[in-house]
Amino acid sequence: MERTPSIPEAYARVVQRSDACEFARLLGMAVTEIEGGRVRVAMPAEGTTNVYGTTHGGAIFSLADHAFGIAANMEGIDQIAISARIRYFTVPAADTLEAVARRVSETERTSVYAVDVFSGDRLVASFEGIGFKIGTVPG
């Protein structure tokens, strides 16, 4: 599933920071779209299997967490995760996983993001991350 990245120029800096993440590069993660307050990140499933031959839950969590981090830092204020939880629904069936992150709520110091992880059209997991605002993104 190849997607042409749809990244507005205003978010080029946050995508560059994401692309510089060594762990995300190790897992092959890439931002494929930022639109309407949503961030979409893709990752190949190859090389992420557990002892049962299915995608490792840690790989799914990592993808969701990375999408959350990008979404939480899009608006120019650095945020760090203070809480994250995930619910797994089914095993992935496609060669690529995609996480779609969106902000659910926000206060002066915190924000809540929901991330859905898909394998094709199949919802694999649902993630919730809470971010704590620590300052302005260097630039």
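Structure first, text after, so check above.
Definitions and limits used
- Residues numbered from 1 in each chain as written.
- Predicted model: local features only at pLDDT ≥ 70, side-chain atom pairs only at ≥ 80, totals over all residues.
- Heavy atoms only, no water.
- Helix = DSSP H or I, 4+ residues; strand = E, 2+ residues; numbered from the N terminus.
- Rg over C-alpha atoms; globule rule 2.2 N^0.38 Å.
- Buried < 20%, exposed > 50% of the residue type's maximum accessible area, 1.4 Å probe, protein only.
- Contact = heavy atoms within 4.5 Å.
- Areas by Shrake-Rupley, 256 points an atom, 1.4 Å probe, with all protein chains shown as cover.
- Salt bridge = Lys/Arg side-chain N within 4 Å of Asp/Glu carboxyl O.
- Arc of directions from axis to C-beta.
- Phe/Tyr/Trp six-rings, centres within 6.5 Å; stacked < 30°, edge-to-face > 60°.
- Pairing = 2+ DSSP bridges.

Engineer: Can you help me understand the overall build of the protein chain in this one?
Structural biologist: Helix and strand counts for the protein chain stand at 3 helices and 6 strands. Put simply, the protein chain runs from its N terminus to its C terminus through helices and strands in the order α-α-β-β-α-β-β-β-β. The C-alpha atoms of the protein chain give 14 Å as radius of gyration, which agrees with the globular expectation for 139 residues (14 Å, within 12%). Taking the principal axes of its C-alpha atoms as reference, the protein chain extends roughly 45 × 30 × 25 Å. Here the protein chain holds 139 residues, and 40% of them are scored as buried. In the protein chain, of all internal contacts separated by at least 6 residues, the share reaching a separation of at least 24 is 65%. A total accessible area of about 7,700 Å² is found for the protein chain, and carbon and sulfur atoms account for 50% of it.

Engineer: What is the right way to look at the pattern of salt bridges in this model?
Structural biologist: As a working rule, side chains carrying opposite charge can pair if their charged atoms are close by. Counted under the stated rule, the structure contains 6 salt bridges. Across the pair Arg 40 and Glu 33 runs a salt bridge whose closest N-O atoms are separated by 3.3 Å. Between Arg 103 and Glu 106 there is a salt bridge; the shortest N-O distance is 3.5 Å. Arg 103 gets classed as partly exposed once you look at its relative accessible area, which sits at 38%. Residue Glu 106 is classed as partly exposed on the basis of its relative accessible area of 41%. One network of salt bridges, in which partners are shared, links Glu 33, Arg 40 and Glu 98.

Engineer: Help me understand helix H1 (residues 12-19) in this model?
Structural biologist: Owing to its 3.6 residues per turn, the α-helix brings residues three or four apart onto one side. Among the residues making up H1, those that are buried are Val 14, Val 15 and Ser 18. Seen from one end, H1 has its buried residues packed into an arc of 100 degrees, which puts them on one side. Residues of H1 that are buried in the fold lie against helix H2 (22-26), strand E1 (30-35) and helix H3 (57-72).

Engineer: Even after reading the chapter, I still don't get the packing of aromatic side chains, so can you show me in this structure?
Structural biologist: The relation between two aromatic rings is expressed through the spacing of the ring centres and the mutual angle of the planes. Considering all chains together, one arrives at 3 aromatic pairs under this definition. Relative to Tyr 113, the ring of Phe 68 has its centre 5.8 Å away and its plane inclined at 50 degrees; by these criteria the two rings are tilted. Here Phe 68 is found in helix H3, whereas its partner Tyr 113 is found in strand E5 (residues 110-119), with 45 residues between them in sequence. Per residue, the accessibility class of Phe 68 equals that of Tyr 113, and both read buried.

Engineer: Can you walk me through the pairing of E5 in this structure?
Structural biologist: For a regular strand, side-chain orientation follows a simple rule: the groups alternate between the two sheet faces. With 7 of 10 residues buried, E5 lies mostly within the body of the structure. Two elements, strand E4 (residues 96-106) and E5, share 9 bridges in a ladder whose sense is antiparallel. Opposite Ser 105, over in E5, you have Val 112 as the bridge partner. Where E4 folds back on E5, the antiparallel hairpin that results is connected by 3 residues.

Engineer: Help me out: how do you make sense of the environment of Ala 99 in this one?
Structural biologist: As for its position among the elements, Ala 99 is in strand E4. Among the residues examined, Ala 99 registers a relative accessible area of 0% and is labelled buried. On a C-alpha basis, the gap between Ala 99 and Ile 80 in space is 19 Å, while along the polypeptide they are 19 residues apart. Those residues within four positions of Ala 99 in sequence are excluded, and the remaining contacts are Val 39, Arg 40, Val 41, Leu 63, Ala 64, Ala 67, Val 115, Asp 116 and Val 117.

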